[in-house]
Amino acid sequence: MAKISNWGMFPEIEAEQIAHDRYAEIAALVKRSDVIIARGNGRCYGDSSLQTTIFSTLKLHKFLSFDAESGVIHCEAGVLLSDILEVIVPKGFFLPVTPGTKLITIGGAVASNIHGKNHHTEGAISKYVEAIVLLTENGEILKCTSSENNKLFSETNGGMGLTGIILSVTLRLKKIESAYIRQKTIKAKNIDELLAYFEKYKQYTYSVAWIDCMMKGNSAGRSILMLGEHALRSELNQKKAAEPYRIKKTNQLNIPFILPSFVLSRIAMKAFNFLFYNKQLKFEADNLIHYEPYFYPLDAIRNWNRIYGKNGIIQYQFVIPFEKGKEGLDSILSTIQKSGCASFLAVLKTFGPAEQNVSPLSFPAEGYTLAMDFKVSKRAFDLCEKLDEIVIACGGRVYLTKDARMKKDTFLKSYNTNPAPSAKFSSLQSQRLGITQPA
Ligand SMILES: Cc1cc2nc3c(=O)[nH]c(=O)nc-3n(C[C@H](O)[C@H](O)[C@H](O)COP(=O)(O)OP(=O)(O)OC[C@H]3O[C@@H](n4cnc5c(N)ncnc54)[C@H](O)[C@@H]3O)c2cc1C
């Protein structure tokens, strides 16, 4: 037994974590366990991959095939997106969908049906999954595609690990002409301006806005919108064009230990937000940047979760339909303002239509999605309960892979589901929310 927690460092539990690379041993482990859950790189924030017995997929790290003509890759579930990028970018391909960190496994990506900055134009990762090899509760190994074991295939995409252990994934990649992103950044004075810019620039493949949640009144929702397109070869200067698929090795800063929680005070956050908003002087700017800082700025700071102090972080990400967008976001921003809690990072994106044929637990649905971090505290928990009410009233829901605290009632009001998957594959979260029965 060892102490274990995910990225938010909350909750921390005592659990047995076992890793194998041989499928027969994994099947035997599953057969003899009463309850078990798969864990990838532990980058979900809360308890989605926690249980008394955990199967770590990190030893399942083999690449099984890559067709550089068609751009289809087959790899074991524990391979990290960062490793996939190192193989595919030099061959002119990119992940069809990527989250804000590349330090997650492909199995974790599929189980959470991850979205990126391109959901409004290109959807979530399940759209690009061609096949999943799944180990089920009786130790069977099944290939699942849209035509073979198709029900299990759908339920596993976004199924939060509750259908079995994903052993490998076959993924269709996206062709690119360079490793660079043509970026346009636009400053918005408040939420109304920001929503208008999202609408105006909705044809951009990638879009994301960083919001300063600490502003009030006419400045509430002050933000920077970051738009992006993969740069074409013809758009690179001579130096970059000589090596268009260059992989950048980032020099990582490290937060060496958990910082005292006063470090991330409201004053420090205000100062950071001021500097971030004002570092760009012009209201609009265009530049060409490598995909690393565009997609993964936080990966450059190893263990950045430690700046929140020893109690950890809760991340609150919700989606609400566009029709309720303005009213819902106004209400959420003012509730945060009044609560005295501050979010260091608040990121707004838009989602296109929800994916078809995925688990009812899958998160993306058409509308605005906002993600925020709060230091774990009673006040933050109370705030999140208030936010839950607003989200539900708007017809929205909270992202499971980021959740550590939602109540069963909130879940039932917001996710229209009765998936009743096997109780053998069960996380602390699925038990807390009543998705699976306690063993
Ligand atoms: C800095 C940061 C930024 C992020 N940005 C985004 C974002 O932009 N978009 C987004 O969608 N998410 C985002 N996330 C969340 C992250 O992408 C997901 O939580 C992802 O699932 C984590 O993968 P993991 O390999 O760490 O899996 P874990 O965190 O270990 O597990 C996550 C879920 O996947 C299941 N799982 C993992 N491996 C398997 C397997 N082999 N078989 C079956 N089930 C499995 C687990 O049971 C659990 O339910 C972000 C997280 C961080 C820390």
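Everything below is about the structure printed above this text.
Thresholds, definitions, all that
Residues numbered from 1 in each chain as written. Predicted model: local features only at pLDDT ≥ 70, side-chain atom pairs only at ≥ 80, totals over all residues. Heavy atoms only, no water. Core = buried A, V, L, I, M, F, W, Y, C linked by side-chain atoms within 4.5 Å. Buried < 20%, exposed > 50% of the residue type's maximum accessible area, 1.4 Å probe, protein only. Helix = DSSP H or I, 4+ residues; strand = E, 2+ residues; numbered from the N terminus. Contact = heavy atoms within 4.5 Å. Pairing = 2+ DSSP bridges. Axes fitted to C-alpha atoms, helices over the stretch in contact; angles between N-to-C directions. Phe/Tyr/Trp six-rings, centres within 6.5 Å; stacked < 30°, edge-to-face > 60°. Near = heavy atom within 4 Å. Polar contact = N/O pair within 3.5 Å; in protein donor to acceptor, adjacent residues only side chain to side chain. Areas by Shrake-Rupley, 256 points an atom, 1.4 Å probe, with all protein chains shown as cover. Nonpolar A, V, L, I, M, F, W, Y, C, P; charged D, E, K, R; others polar.

A. Spatial organisation of the nonpolar core. By size, the foremost hydrophobic cluster in this structure holds 100 residues, and its most contacted members are Phe94, Phe318, Leu348, Met372 and Phe374. The element contributing the most residues to this core is helix α11 (residues 378-393), with six residues. When near neighbours in sequence (up to four residues on either side) are disregarded, phenylalanine 318 contacts Leu329, Ile332, Phe363, Tyr368, Thr369, Leu370, Met372, Val391, Arg397 and Val398. If you look at the next biggest cluster of nonpolar residues, it comprises 13 residues, including Leu29, Val30, Leu167 and Phe425.

B. Spotlight on the sheet that holds strand β21 (residues 397-398). As summarised here, the arrangement of the eight strands in space is β16-β12-β14-β13-β19-β20-β18-β21, forming an open sheet in which the pairing is antiparallel. What marks the edges here is a single partner per strand, and that holds for β16 (284-290) and β21. For strand β12 (residues 180-188) and β16, the ladder comprises seven bridges, and the chain directions are antiparallel. Directly across from glutamine 183, in β16, lies its bridge partner asparagine 287. Lying over the sheet, α11 contacts β18 (313-320), β20 (367-375) and β21, oriented at roughly 10° with respect to β18.

C. Up close: the packing of aromatic side chains. All chains considered together, the criterion is met by 16 aromatic pairs. Plain terms: the ring middles of phenylalanine 66 and phenylalanine 93 are 6.1 Å apart, the flat faces sit at 85° to each other, and that makes the pair edge-to-face. A residue pair is termed long-range when its members are at least 10 positions apart, and phenylalanine 66 in strand β5 (residues 63-67) and phenylalanine 93 in strand β7 (residues 93-94) qualify at 27 residues. On the basis of relative accessible area, phenylalanine 93 is assigned to the buried category, the value being 2%.

D. The site of the ligand, seen in detail. In the neighbourhood of the ligand, 35 residues make up the surrounding shell, with Ala38, Gly40, Cys44, Thr105 and Tyr399 lying closest. In the model, an oxygen atom of the ligand is placed 2.7 Å from a nitrogen or oxygen of the arginine 43 main chain. Burial of the ligand by the surrounding chains reaches 97%, relative to a free accessible area of 970 Å². For the shell around the ligand, the secondary-structure elements that each account for two or more residues are β3 (37-39), α3 (106-111) and β10 (165-172). Of the residues assigned to the shell around the ligand, the class counts are 15 nonpolar, 16 polar and four charged.

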